[in-house]
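Close look at the chain arrangement
What follows is each chain in one-letter form.
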Amino acid sequence: MSKFSIRNNILLIAAAVLLSALPLFMSHHFSEGNAAFSGTDDQAEAAIQEINPDYKPWFQSFWEPPSSEIESLLFALQATLGAGFIGYYIGQKRKRSNPLDTKLGKEPSVQ
Amino acid sequence: MHIMEGFLPATHAAAWTAASAPFVVHGVRSIQKTVKENPEAKMLLGVSGAFSFVLSALKLPSVTGSSSHPTGAGLGAILFRPTVMSALGTIVLLFQALLLAHGGITTLGANVFSMAVVGPFVAYGIYRLGQRLNIPTTVSVFLAAALADLSTYVTTSVQLALAFPDPVGGFMASFVKFSTIFAVTQIPLAISEGFITVVIFNTLAKYSGHELSLLNVFHKKEVKA
């Protein structure tokens, strides 16, 4: 598995990127006043109000990001924290498993 | 899949909180036990939580012209137990509810149930079934993660349809409406989540194979041997 794993991983990541990039180049009909690529969570909120126009949310968030820029910042922060931790972990593991790697290794490139 | 703050009637909010609580409690105990028996797994717990942190922060465009996000709940469920992910997923959802006003405290129970209970159990079930049927591990991981993602959004649609049945068509009409918003948009994202989970799983299998076997992740090999 490990022989092809890097190539496979790159292919899989490329496929995931494509799956997200393609919709941007497709033509969509943004009907019903939906903004382009609006979030499904917000659309569900709108659907609730359509089904039950009398429904009033009975609780408000304690704090809301003051703008969509700040919201994006916090989402980016969330992703960075996660990705940073994973990167750190794999880096540590790789460093430690290196001697073993060359022992079991595919083609020992040394000598 | 985040039901916004205050957008579930109080009785529903309470019921979903009650439904989720035992899974989260079990998950916390399970984490304590795992860390005690297997201290090396501590970092992998962090990785599982971190993975969900990353994926649930990414709002991706979909073919429907809407954006939604994956959940990242499949990985931790495969590596540990589904309830472990219930506990970790609760942390992710709390972070988003408090800092991002995404989801909420009143809807936390419902959101935990869809993302951190149903999703992980689907992932775990499919992965274990795949191992039993001797399906290649990579394929099992892909299916587990993708279907966990999708099942989370189907669950959200059910939750909303129960709370807001259509005045004419009732539960089913509402369910169709909400699942059109959520589930259809989610299909390509679920596939992406499957791919990315395979990537991280392959990487962990390569560098942390020892820990993964201690956690009995590779059931298949054990059955064979």
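Up top is the structure.
Residues numbered from 1 in each chain as written. Chains lettered and ligands numbered in written order. Predicted model: local features only at pLDDT ≥ 70, side-chain atom pairs only at ≥ 80, totals over all residues. Heavy atoms only, no water.

1. Some remarks on the packing of helix α6 (residues 137–163) of chain B against helix α7 (residues 170–207) of chain B
All names here are of chain B. Selection criterion: Axes, fitted as lines to C-alpha atoms, cover a helix only where it is in contact. Angles between the N-to-C directions of the axes lie from 0 to 180 degrees. Secondary structure elements are defined from DSSP: runs of H or I of at least 4 residues count as helices, runs of E of at least 2 residues count as strands, and each element is numbered from the N terminus. Under this scheme an angle from 65 to 115 degrees is roughly perpendicular, one under 35 degrees roughly parallel, and one over 145 degrees roughly antiparallel; angles in between are oblique. Here is the rule for handedness: rotate from the far helix to the near one, and if that takes an anticlockwise turn smaller than a right angle the crossing is left-handed, while a clockwise turn gives right-handed. The nonpolar class holds Ala, Val, Leu, Ile, Met, Phe, Trp, Tyr, Cys and Pro. Asp, Glu, Lys and Arg form the charged class, and all remaining residues, Gly among them, are polar.
Relative orientation of the contacting elements α6 and α7 amounts to 155 degrees, with a least axis distance of 7 Å. Of the possible angle classes, the one that applies to α6 and α7 is roughly antiparallel. Seen from above, α6 lies across α7 with right-handed handedness. Taken together, the residues that form the contact of α6 with α7 break down as 23 nonpolar, 9 polar and 2 charged.

2. Focus on the packing of aromatic side chains
Residue and element names in this part refer to chain A. Applied cut-off: To pair, rings of Phe, Tyr and Trp, with the six-membered ring standing in for Trp, must have centres within 6.5 Å; the planes then decide the type, stacked if under 30 degrees apart, edge-to-face if over 60, and tilted in the middle. For every residue, the accessible area obtained with a 1.4 Å probe (protein chains only) is divided by the maximum for its type, and the residue is called buried under 20%, exposed over 50%, and partly exposed between those limits.
In this structure the tally under the stated criterion is 13 aromatic pairs over all chains. Measuring from ring centre to ring centre gives 5.9 Å for Phe 59 and Phe 62, while their planes differ by 90 degrees; the resulting arrangement is edge-to-face. With relative accessibility at 65%, the residue Phe 62 sits in the exposed group.

3. Remarks on empty space enclosed by the protein
Stated formally: A pocket, in this scheme, is an open set of points on a 1 Å grid over the protein atoms alone with protein on both sides within 12 Å along at least 5 of 7 lines, while a cavity is a set where a 1.4 Å probe fits but cannot get out; residues line either one if an atom lies within 4 Å of a point. Grid points are joined across faces, edges and corners, and a volume is the space filled by probe spheres set on the points.
Under the defined criterion, the tally for this structure stands at 1 cavity of 30 Å³ or more. Taken together, A:Asp41, A:Ala44, A:Glu45, A:Ile48, B:His2, B:Ile3, B:Met4, B:Phe7, B:Leu160 and B:Phe182 form the lining of the largest cavity. Considering each element in turn, the lining of the largest cavity owes the most residues, 4 residues, to helix α2 (residues 40–51) of chain A. Tallied by class, the residues present in the lining of the largest cavity amount to 7 nonpolar, 1 polar and 2 charged.

4. Focus: the sheet that holds strand β2 (residues 66–68) of chain B
This is how it is decided: Strands pair, by our definition, only if DSSP identifies at least two bridges between them.
What the 3 strands build is an open sheet, ordered β1(A)-β2(B)-β1(B); its pairing is mixed. If you trace the sheet from one side to the other, it starts and ends with β1 (38–39) of chain A together with β1 (60–61) of chain B, each paired once. Sheet topology places β1(B) next to β2(B); 2 bridges connect them, and they run antiparallel. Each bridged residue has a counterpart across the sheet, and for B:Leu60 the counterpart in β2(B) is B:Ser68.

5. Here we look at unusual backbone geometry
A positive phi is found at A:Phe37, a non-glycine position, where the angle reads about 50 degrees. Of note, A:Phe37 is situated in the loop between α1 (2–25) and β1. For B:Asn134, which is not glycine, the phi dihedral falls at a positive 60 degrees. If you trace the backbone, B:Asn134 turns up in the loop between α5 (108–132) and α6. On the basis of relative accessibility, which here comes to 43%, the residue B:Asn134 falls in the partly exposed class.

6. A look at the pattern of salt bridges
The test is simple: Counted as salt bridges are all cases of a side-chain nitrogen of Lys or Arg within 4 Å of a carboxyl oxygen of Asp or Glu.
This structure, assessed with the given rule, holds 3 salt bridges over all chains. Of the charged contacts in the structure, one is a salt bridge between B:Lys177 and A:Glu50, with a shortest N-O distance of 2.7 Å. Highlighted residues: B:Lys177 in helix α7 and A:Glu50 in helix α2, drawn from two different chains. The partner of A:Lys93 in a salt bridge is B:Glu211, with the nearest N and O atoms 2.4 Å apart.

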